[in-house]
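Listed below, chain by chain, are the residues.
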Amino acid sequence: MKKMLFVCVENACRSQMAQGFCAALAPHVKAESAGTRPAEAVDEVAVRVMAEAGVDISGQHPKPLTMEMNDGYDVIVTMGCTDGCPVTPREKTIAWDIEDPRDKPVEVYRRVRDDIQRHVKQLLADIR
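Residues numbered from 1 in each chain as written. Predicted model: local features only at pLDDT ≥ 70, side-chain atom pairs only at ≥ 80, totals over all residues. Heavy atoms only, no water.

**Student:** How should I be thinking about the overall build of the chain in this particular structure?
**Tutor:** Regarding its fold elements, the chain presents three helices and four strands. Tracing the chain from N to C terminus, the helices and strands come up as β-α-β-α-β-β-α. Against the globule reference of 14 Å for 128 residues, the chain gives a C-alpha radius of gyration of 13 Å, in line with a compact fold. Each of the three principal axes of the chain carries a C-alpha extent, and together these read 35 × 30 × 25 Å. With 128 residues in all, the chain has 46% of them scored as buried. Partitioning the intrachain contacts of the chain with sequence separation of at least 6 by distance along the chain shows that 69% fall at a separation of at least 24. Of the accessible surface of the chain, which amounts to about 6,700 Å², a share of 49% is contributed by carbon and sulfur atoms. (Helix = DSSP H or I, 4+ residues; strand = E, 2+ residues; numbered from the N terminus. Rg over C-alpha atoms; globule rule 2.2 N^0.38 Å. Buried < 20%, exposed > 50% of the residue type's maximum accessible area, 1.4 Å probe, protein only. Contact = heavy atoms within 4.5 Å. Areas by Shrake-Rupley, 256 points an atom, 1.4 Å probe, with all protein chains shown as cover.)

**Student:** Looking at this model, I keep getting lost on helix 3 (residues 106-127). Mind explaining?
**Tutor:** Side chains of residues three or four places apart in an α-helix project in the same direction, reflecting 3.6 residues per turn. A rise of 1.5 Å per residue sets the reference length of helix 3, with its 22 residues, at 32 Å; its end C-alpha atoms lie 32 Å apart and thus fit the reference within 8%. Taken as a whole, helix 3 has its buried residues at Val106, Val108, Tyr109, Val112, Arg113, Ile116, Val120, Leu123 and Leu124. Viewed end-on, helix 3 has its buried residues packed into an arc of 135°, placing them on one side of the element. Exposed side chains of helix 3 directed beyond 90 degrees from the buried face belong to Glu107, Arg118 and Asp126. Considering only its buried residues, helix 3 is in contact with strand 1 (3-8), helix 1 (14-25), helix 2 (44-52), strand 3 (75-79) and strand 4 (93-96). (Expected span 1.5 Å × (residues − 1). Arc of directions from axis to C-beta.)

**Student:** What am I meant to see in the pairing of strand 3 here?
**Tutor:** In the case of a regular strand, side chains alternate between the two sheet surfaces. Across the five residues that make up strand 3, a large majority, five, are buried. Of the two faces of strand 3, the one lined by Val75, Val77 and Met79 and the one lined by Ile76 and Thr78 are each fully buried. Here strand 1 runs beside strand 3; their pairing, made up of four bridges, is parallel. Residue phenylalanine 6 lies in a different strand from strand 3, and its bridge partner there is valine 77. When strand 3 meets strand 4, the two strands line up parallel, connected through four bridges. The residue bridging threonine 78 from the neighbouring strand is alanine 95, located in strand 4. (Pairing = 2+ DSSP bridges.)

**Student:** What is the right way to read the environment of alanine 31 from this model?
**Tutor:** Here alanine 31 is to be found in strand 2 (residues 30-35). On the basis of relative accessibility, which here comes to 13%, the residue alanine 31 falls in the buried class. Between the C-alpha atom of alanine 31 and that of tyrosine 73, which follows or precedes it by 42 residues, the distance is 9.3 Å.

Below, the structure written as structure tokens:
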């Protein structure tokens with residue numbers, strides 16, 4: 001079983017969306033997410049726009065990223081957080097330049113959600 005870790009600063013939106021899509025599209029892959037400065041809760045707008053896409057992330061919660069996590073995953077995806085993400089092993093890390101929709105209109109969340117879904121689908125196709 002492949003293990004993937006999706007990382008953003010707060011682990012409240014982008015990485016949670018990516019984890020949700022990966023889990024929904026590839027149940028044979030263990031998908032998790034974490035953040036360098038985790039928020040208190042998953043972004044409510046992210047939960048809502050993911051539900052529109054048929055993916056429930058309402059039960060997820062932000063988790064802290066630890067250096068030990070570097071060893072436990074086959075692929076680590078950073079989500080456009082170059083100023084806040086730690087150094088991860090180059091051979092395992094994929095950097096996606098994903099806009100942070102926090103505090104922006106719901107249309108931005110939807111655009112980011114759709115961008116993340118495309119990235120996750122391509123990643124899953126690439127690892128097959």
